[in-house]
Amino acid sequence: MGSALVVGDRGSGLTTFVGLLYAAQLRLGTEERDEFRFSADRETIRQLEGIYGELVAGRFPDWDADWDTHPLSFVFAFRAGTFPRLGGPGVHRSGGFDSFRMRFGGISVESMAELAQHDAILEVSTRQLFESPVVVPLLDASRLRPPDPTTNSRPLEVSDRRLASTFQLLCRYLATGRRRTPQELYPMFVVTKFDQCPPGTLARLLVPPSPPASWPSGVREAVGERLLTAYFPHTLRVLENAKGMRGRSIAAPQWFFSGLQLVPGSAGGRIARRSRIPVGGWEPEYPFEEYRTLIHRLGTLAHRFPGEDEGS
Ligand SMILES: Nc1nc2c(ncn2[C@@H]2O[C@H](COP(=O)(O)OP(=O)(O)OP(=O)(O)O)[C@@H](O)[C@H]2O)c(=O)[nH]1
Ligand SMILES: [Mg+2]
């Protein structure tokens, strides 16, 4: 079973992110049904339909999934052969599809910092989440402001420290987890609210003007590295220090850029929508390709996930 822990500052877009991830699964599951299918348990669908319903109506969801104590749980199924190495204890093959269970939990880095001080009383589900091989840090692009020359403080200094200690904590859990194989942590950074990134920052980070899906290879990683260097130096240091450490290394981060198109001039930010011809209905204007790639990345990692009963 795979699991991913989504972490970010409060308000950084956690709820919107999981709603869009669900939107992408629905789209892949209908438009590419011969290649990808998914199913979810009832409680997961109940939570996500509410969030997805808001996004489809052009609104930002104003409530939260309680996915810190009840992780969202899906079964992802890819056409057999999509990933040559897909196999291992967590993967099942049937009817021409390889499937694996994937759980997503979300938690703010503020809560992470509080929990870090109370190790002993972690609920089982929370502890399992902390042992997730995949971590999805959300970085809020609307907050990437230029440094203020009148003060000495760096924008996002506090967020950076919290994220750095989140990674340190997760490394500790990886090292102490009861799985037999050596563990690696796979960070998949998602830059949220990318539509709200200040233009000066886009220029400073040398972000190409085209949509991320059309960037040449290597650009995501280069932009990501510049972003970490400028705004998240503590986090960057933790990532680099963990390279090659026995039993708890951190893989090179992958980068995804998510922004929603807003209806121009709409008060409170209405989300622009596109109609889903020929399937029918509506969908928010979001970068589907980013989410598709993210879901595929999980497929490439699934052969490293433990079986259902391991590590629990
Ligand atoms: N323009 C734009 N705004 C966004 C985007 N994602 C989120 N927002 C804004 O950020 C607000 C918070 O988003 P949420 O997804 O609720 O973030 P959260 O991290 O779950 O927030 P809390 O649960 O309140 O801590 C939304 O109400 C929107 O106003 C985006 O892609 N583009
Ligand atoms: Mg939320």
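Higher on the page you've got the structure.
### Structural notes on the site of ligand 1
Close to ligand 1 lie 15 residues, the nearest being Gly-11, Leu-14, Thr-15, Thr-16 and Asp-195. For ligand 1, an oxygen atom lies 3.0 Å from a polar atom in the backbone of Gly-13. One of the backbone nitrogen or oxygen atoms of Leu-14 is found 2.9 Å away from an oxygen atom of ligand 1. Burial of ligand 1 by the protein amounts to 75% of the accessible area it has alone, namely 650 Å². Classifying every residue of the shell around ligand 1 gives four nonpolar, seven polar and four charged.

### Notes on the coordination of the magnesium ion (ligand 2)
Octahedral six-donor coordination of a metal ideally yields angles of 90 or 180 degrees, compared with 109.5 degrees for tetrahedral four-donor coordination. Here the magnesium ion (ligand 2) is held by the protein donor atoms Thr-15 (OG1) and Asp-64 (OD), which lie 1.9 to 2.0 Å from it. Of this pair, Thr-15 sits in helix H1 (residues 14-31) while Asp-64 sits in the loop between helix H2 (42-56) and strand S3 (72-79), placing them 49 residues apart in sequence. Residue class for Thr-15 comes out buried when judged on its relative accessible area of 13%. Of the residues examined, Asp-64 reaches a relative accessible area of 56% and is grouped as exposed.

### Section: the pattern of salt bridges
Counted by the stated rule, this structure contains 18 salt bridges. Between Glu-31 and Arg-27 there is a salt bridge whose closest N-O contact spans 3.4 Å. Taken as a pair, Glu-31 and Arg-27 lie in helix H1 at a separation of four residues, close to a single helical turn. Note on Glu-31: relative accessible area 40%, which makes it partly exposed. In this structure, Arg-127 and Glu-131 form a salt bridge, with 3.8 Å as the shortest nitrogen-oxygen distance. The partly exposed category is assigned to Arg-127, whose relative accessible area is 24%. Here Glu-131 falls in the buried class, since its relative accessible area comes to 4%. Salt bridges sharing partners connect three or more residues here, namely Arg-27, Glu-31, Arg-274, Arg-276 and Glu-283.

Criteria and thresholds
Residues numbered from 1 in each chain as written. Chains lettered and ligands numbered in written order. Predicted model: local features only at pLDDT ≥ 70, side-chain atom pairs only at ≥ 80, totals over all residues. Heavy atoms only, no water. Near = heavy atom within 4 Å. Polar contact = N/O pair within 3.5 Å; in protein donor to acceptor, adjacent residues only side chain to side chain. Areas by Shrake-Rupley, 256 points an atom, 1.4 Å probe, with all protein chains shown as cover. Nonpolar A, V, L, I, M, F, W, Y, C, P; charged D, E, K, R; others polar. Donors = N, O, S within 2.8 Å, 3.2 Å for Na, K, Ca; no water. Helix = DSSP H or I, 4+ residues; strand = E, 2+ residues; numbered from the N terminus. Buried < 20%, exposed > 50% of the residue type's maximum accessible area, 1.4 Å probe, protein only. Salt bridge = Lys/Arg side-chain N within 4 Å of Asp/Glu carboxyl O.

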